[in-house]
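# Report on the structure
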Amino acid sequence: PHAGPVDSKNEAAMSELVPEPRQKPAVPMKPMGINTSLLGYIGIDTIIEQMRKKTMKTGFDFNIMVVGQSGLGKSTLVNTLFKSQVSRKSSGWNREEKIPKTVEIKAIGHVIEEGGVKMKLTVIDTPGFGDQINNENCWEPIEKYINEQYEKFLKEEVNIARKKRIPDTRVHCCLYFISPTGHSLRPLDLEFMKHLSKVVNIIPVIAKADTMTLEEKTEFKQRVRKELEVNGIEFYPQKEFDEDLEDKTENDKIRQESMPFAVVGSDKEYQVNGKRVLGRKTPWGIIEVENLNHCEFALLRDFVIRTHLQDLKEVTHNIHYETYRAKRLNDNGGLPPMTVETEENHESNL
């Protein structure tokens, strides 16, 4: 007859014990390696190939923004990076057009295919930036544009019936062109990078580096790095986002030696020693764009496209967009306000 209450006591005691958080073992247990030679081949390694196939099917987006004064060769450089006319010239822009009075933002999209991989590349140009006598707050429309893209993505994401693949117009990378003055950065440069480095990945680039001697170039690079550091400007790759020691070592080298990349762009080809090369012709010879002894263009291209392109996209998504999203949801008590436009979208999605 006493069995009942004892059981219930035990149950009560047990239920009190259950919620207690379990102490984590100090050293995480190492997963045991199973000797697969006994079992034969399983095929786990094919996941990489499966992922590759899926990515190849869908293709991917990459959005790059160029900012800097007129005449620094921004369009030419982007064309050189992607070896095709992807910037301004291809959109019917002509030299005679007068400089816009304010910053205008033009986005030009292209699909580039290489080795079966499709990339939807969007080049976002900012003509009129820094060209006026009074450049006060001229970074504002650019910041507004970047945030609008985050907002667009967020609205799509919080839709009840959301698209399987949200079109990504977020700016993954902003190349900021610094004038090769050999002096220090202009207040406008510092102001822009201070504001924008919080919302986008900024990569500083010294334009038209062939206008400086090698000594001037080295000195100017060091001075720019120092100024950015003194002003607390974090450019990409940001120190705090290095994931492990390998990343840190690789990125430290880029931060301390390569940045800001001193580059020369050109979309003209010349014959040099029987080879066709991209270059700029000067009275004393040809500056070869892809020759590291002449300029650091190849370093910039390898960095942006060959080693860090995926990381630029991830930092944009996991850091900059996350920060924007958290702030928006916080300010709004949870959700972006449903505007008429989003309601219509929502209905059309349904």
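Residues numbered from 1 in each chain as written. Predicted model: local features only at pLDDT ≥ 70, side-chain atom pairs only at ≥ 80, totals over all residues. Heavy atoms only, no water.

As annotated in an unreviewed UniProt entry, the chain carries the name Neuronal-specific septin-3 and comes from Agelaius phoeniceus. Check the Sequence similarities (unreviewed entry) section of the UniProt entry for the chain; it says "Belongs to the TRAFAC class TrmE-Era-EngA-EngB-Septin-like GTPase superfamily. Septin GTPase family." Regarding the chain, the relevant UniProt record gives this comment under Subcellular location (unreviewed entry): "Cytoplasm". (UniProt positions renumbered as here; feature names shortened; annotations may be inferred.)

This next bit is on a nonpolar patch on the surface. A contiguous nonpolar surface patch, about 360 Å² in accessible area, is contributed by Leu39, Ile42 and Ile44. Inspection of the secondary structure assignment puts Ile42 in the loop between α2 (36-39) and α3 (46-58). (Patch = residues over 30% accessible without salt bridge, like charges linked within 9 Å, V, L, I, M, F, W, Y side chains within 5 Å. Areas by Shrake-Rupley, 256 points an atom, 1.4 Å probe, with all protein chains shown as cover. Salt bridge = Lys/Arg side-chain N within 4 Å of Asp/Glu carboxyl O. Helix = DSSP H or I, 4+ residues; strand = E, 2+ residues; numbered from the N terminus.)

Glancing now at the nonpolar core. If you look at the biggest cluster of nonpolar residues, it comprises 73 residues, and the most contacted ones within it are Phe62, Phe129, Leu175, Phe192 and Ile203. When residues no more than four places from it in sequence are discounted, the contact partners of Phe192 are Val67, Phe129, Trp139, Ile142, Cys174, Tyr176 and Ile202. (Core = buried A, V, L, I, M, F, W, Y, C linked by side-chain atoms within 4.5 Å. Buried < 20%, exposed > 50% of the residue type's maximum accessible area, 1.4 Å probe, protein only. Contact = heavy atoms within 4.5 Å.)

Attention now goes to the pattern of salt bridges. Following the criterion strictly, the structure yields 21 salt bridges and no others. Note that Asp252 is salt-bridged to Arg255, the shortest N-O span being 3.0 Å. Linking Asp252 with Arg255, this pair stays in helix α8 (residues 245-258), spanning three residues, or about one helical turn. Of the residues examined, Arg255 reaches a relative accessible area of 8% and is grouped as buried. One salt-bridge network, in which partners are shared between bridges, spans Asp242, Lys248, Asp252 and Arg255.

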